[in-house]
Amino acid sequence: MNTKEQLDKLIKLRAEAQLGGGQKRIDKQHSMGRMTARERIDMLLDPGTFEEFDMFKTHRCRDFGMDETKILGDGVVTGYGTIDGRLIYVFAQDFTVLGGSLSETFAEKICKIMDLAMKNGAPVIGLNDSGGARIQEGIESLAGYTDIFLRNVMSSGVIPQISAIFGPCAGGAVYSPALTDFILMVQNNSYMFLTGPKVVKSVTHEDVTVEQLGGAAMHSSRSGVSDYAATSEADAIRFVKKLISFLPQNNMESPPSIPCEDPVIRSSDLLNTIIPENLNEAYDMKQVILQTVDNGDFFEIKEAFAPNLIVGFARYNGMSVGIVANQPANLSGVLDIDSSIKGARFVRFCDCFNIPVITFVDVPGFLPGTAQEYGGVIRNGAKMLYAYAEATIPKITVITRKAYGGAYCVMSSKHLRGDINYAWPSAQIAVMGSKGAAEVLYSRQAGKAENPAQFLAEKEQEYHDAVANPYIAAQRGYIDDIIHPSTTRFRIIKALKTLENKRDTNPMKKHGNIPL
Ligand code: HXC
């Protein structure tokens, strides 16, 4: 073969690999409102930056006529490129090739880029669209999956890992995304479950659709498996790119800081009046967040799951932070099982990747009741405590109103190594609400009073006047300062600046035993 022929061969093979399972299957993919693996990568990465690996790799299976069915690349596109100029490793399962099913060689390709990502300290983004284990291969496929799972775990806390689900993701295949830091799905066009509707019907006799069983809406609101239900594949990719912009490349780096034009001393008069006169009236904590962060830009995670707790990323003077906030506008901002799990996981993620956490507190306590107790609110609530206690990142707390009982302790209190703890003048830091306290302390005496209701109301007011304020905590030093609400942005930015070089450690150990 002369040089020209050699080059022609390369061009021909490349073109063949680019076509994956062929034009007919590509058309089918498009007709379902789905992009191909390569189109997704092109949309994700900076133009022209994708470098593909293993384009010519094929499977080694000889059974079930597979020696006749070899497609270059074997159903997964892998490589690296950049997003906003930062190195990213990526794999995209190609449904047009044997349904994106995972073979031994398919897994080797994914493992190769995961290993490189670890060596070079860069995030891995997985674009999933697969019929699961390649049925013709059997055990080799299971071995391949498990090789990936192992790498997911070894990479956890070292490099960010993000999974986008763009089609089917079923059976044991769900566990690779589940081991990554963030999962997002596309509404009405992607699903995740261990067993499909037919198996469910035969085992539990339930009639359920694919969407009900494992669709994006369900996983983003009920199970909490998914962090975002995208409206389209393009929306999902927009989400991934924005998410990445807040994160460092690996656990040895600080999160990226960008130039900020929003004035550091910008005050917000709205914050002086946002707390209602009536203690039991709700307000929207998202307003507090939006008023204080740079350009009112808050990137919320798990918005539809446990909305009584808000988590997400934002910037203060260009510095990337995680935000955790009770939401009085939903279930009075109470902590329960789901919100504790949501908050704990988010705080731990931020701690892995050196992202400071700002905590806004307005919490009446943990949710009482049999549903919560039977569900293990003790064990699950403890996750939140554990996460804040072990976190060594900068931790800044602002108590806007209620901080009652165990929930006060949990929400990044001074006692859990909160670095800088502020309260607004409207804050009430107490063992419980005044009404409950009066009932516990005075119900016996009330029974003997002429007017029990009035007696209890007076005692409630007495308790309220005595303890429902931030000054007792401030006297003890549990609160560093009581701040003017309108200046909250400025105070947080100043606090973050002082904590820029914070170093804190935990005792040497193999690992802790978080109450899972
Ligand atoms: C090999 C597969 C395949 C698989 C699909 N294909 N899944 N080939 N192994 N797992 C092939 C089909 O034969 C078909 O080939 C092409 O991909 C497209 O599939 P269709 O069925 O035509 O597509 P669609 O109608 O969209 O249905 C998609 C699907 C369905 C719902 C995913 O294909 C399906 O149910 N697949 C099997 C899912 C499954 O049971 N997987 C194993 C799970 S167990 P042609 O040539 O006709 O185009 C598992 C264990 C993992 O994954 C454990 C890890 C620890």
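What you are looking at is a predicted structure, and each value in this text was computed from that prediction instead of being measured.

(A) Fine view of the side chain of Asn421. Along the chain, the position of Asn421 falls in strand E15 (residues 420–423). Among the polar contacts made by the side chain of Asn421, one reaches the main-chain carbonyl oxygen of Ser412 at a distance of 3.0 Å. The residues touching Asn421, leaving out its near neighbours within four places in the chain, are Thr397, Ser412, Ser413, Lys414, Tyr478, Ile479, Asp480 and Asp481.

(B) Seen up close, the site of the ligand. In the vicinity of the ligand, 20 residues are found, and the nearest of them are Arg25, Gly99, Gly131, Ala133 and Ile135. Take Arg25: an N or O atom from its side chain is 2.9 Å from an oxygen atom of the ligand. Between the ligand and Gly99 there is a distance of 2.9 Å, counted from an oxygen atom to a backbone nitrogen or oxygen. Alone, the ligand offers 1000 Å² of accessible surface; in the complex the protein occludes 56% of this. Every element with two or more residues in the shell around the ligand is listed here: helix H2 (23–31), helix H5 (139–155) and strand E6 (168–170). Tallied by class, the residues present in the shell around the ligand amount to 11 nonpolar, 6 polar and 3 charged.

(C) Inspection of the environment of Leu516 at higher detail. Counting through the fold element by element, Leu516 comes out in the segment after helix H20 (488–498). For the pair Leu516 and Ala382, spaced 134 residues apart in the sequence, the C-alpha separation amounts to 9.2 Å. Beyond its immediate stretch of four places on either side in the chain, Leu516 contacts Arg379 and Lys383.

(D) Focus on a nonpolar patch on the surface. Together, Leu7, Leu10, Ile11 and Phe56 give the surface a local cluster of nonpolar side chains, amounting to about 370 Å² of exposed area. Along the chain, Leu10 falls in helix H1 (residues 3–18). A relative accessible area of 35% places Leu10 in the partly exposed class.

(E) Molecular detail of the environment of Lys509. As for its position among the elements, Lys509 is in the segment after H20. Among the residues examined, Lys509 registers a relative accessible area of 52% and is labelled exposed. The spatial distance from the C-alpha of Lys509 to the C-alpha of Arg62 is 48 Å, given a sequence separation of 447 residues.

(F) Representation of the sheet that holds strand E3 (residues 86–93). Spatial ordering of the open sheet is given by E1-E2-E3-E4-E5-E7-E9, a layout of 7 strands whose pairing is mixed. Strand pairing shows two members of the sheet lacking a second neighbour, strand E1 (51–53) and strand E9 (228–230), which therefore form its edges. Taken pair by pair, the neighbouring strands of this sheet meet at an average axis angle of 20 degrees, ignoring direction. Looking at chain direction, strand E2 (residues 76–83) and E3 are connected through 8 bridges and run antiparallel. Across the sheet, the residue bridging to Gly79 is Val90, located in E3. Contacting E2, E3, strand E4 (124–128), strand E5 (161–165), strand E7 (182–186) and E9, helix H10 (residues 233–246) crosses the sheet at an angle of about 160 degrees to E7.

(G) Just the pattern of salt bridges, in detail. Applying the stated criterion across every chain, the model contains 28 salt bridges. Among the salt bridges present, the one from Glu108 reaches Lys57, with a minimum N-O distance of 2.7 Å. Remark: Lys57 occurs in the loop between E1 and E2 and Glu108 occurs in helix H4 (residues 104–120); sequence separation between them is 51 residues. Here Lys57 falls in the partly exposed class, since its relative accessible area comes to 22%. The partner of Arg401 in a salt bridge is Asp362, with the nearest N and O atoms 2.9 Å apart. Placement of the pair is Arg401 in strand E14 (residues 395–404) and Asp362 in strand E13 (residues 357–363), with a sequence separation of 39 residues. One salt-bridge network, held together by shared partners, links Lys57, Arg60, Glu104 and Glu108.

(H) The arrangement of the state of the cysteines in detail. Scanning the entire structure with this criterion turns up 0 disulfides. Here Cys260 stays free of any disulfide, with the sulfur of Cys350 as its closest cysteine sulfur at 19 Å.

(I) The side chain of Asp336, seen in detail. Relative to the assigned elements, Asp336 resides in the loop between strand E12 (319–326) and helix H13 (337–352). Of the buried charged residues, Asp336 lacks a salt bridge, with Lys342 as the closest side chain of opposite charge at 9.1 Å. In terms of polar contacts, Asp336 uses its side chain to reach the side chain of Asn308, at 3.3 Å. Within polar-contact distance, the side chain of Asp336 engages the side chain of Ser339 at 2.6 Å. Apart from the residues lying within four places of it in its own chain, the contact partners of Asp336 are Asn308, Leu331, Leu367, Gln372 and Val377.

(J) A look at the packing of aromatic side chains. Following the criterion strictly, the structure yields 14 aromatic pairs and no others. A centroid spacing of 5.1 Å and a plane angle of 20 degrees characterise the contact between Tyr191 and Phe193, whose relative ring orientation is stacked. Tyr191 sits in the partly exposed class, given a relative accessible area of 23%. A ring pair is formed by Phe239 and Phe299, whose centres lie 4.7 Å apart and whose planes are at 40 degrees; its orientation type is tilted. Taken together, the residues span a long stretch of sequence, with Phe239 in helix H10 and Phe299 in strand E10 (residues 299–301) at a distance of 60 residues. Like Phe239, the residue Phe299 is buried in the burial classification. Grouping aromatic residues by their ring pairs yields a cluster made of Phe182, Tyr228, Phe239, Phe246, Phe299, Phe313, Phe346, Phe349 and Phe353.

Conventions we followed
Residues numbered from 1 in each chain as written. Predicted model: local features only at pLDDT ≥ 70, side-chain atom pairs only at ≥ 80, totals over all residues. Heavy atoms only, no water. Helix = DSSP H or I, 4+ residues; strand = E, 2+ residues; numbered from the N terminus. Polar contact = N/O pair within 3.5 Å; in protein donor to acceptor, adjacent residues only side chain to side chain. Contact = heavy atoms within 4.5 Å. Near = heavy atom within 4 Å. Areas by Shrake-Rupley, 256 points an atom, 1.4 Å probe, with all protein chains shown as cover. Nonpolar A, V, L, I, M, F, W, Y, C, P; charged D, E, K, R; others polar. Patch = residues over 30% accessible without salt bridge, like charges linked within 9 Å, V, L, I, M, F, W, Y side chains within 5 Å. Salt bridge = Lys/Arg side-chain N within 4 Å of Asp/Glu carboxyl O. Buried < 20%, exposed > 50% of the residue type's maximum accessible area, 1.4 Å probe, protein only. Pairing = 2+ DSSP bridges. Axes fitted to C-alpha atoms, helices over the stretch in contact; angles between N-to-C directions. Disulfide = S-S within 2.5 Å. Lys, Arg positive; Asp, Glu negative; His and termini not counted. Phe/Tyr/Trp six-rings, centres within 6.5 Å; stacked < 30°, edge-to-face > 60°.

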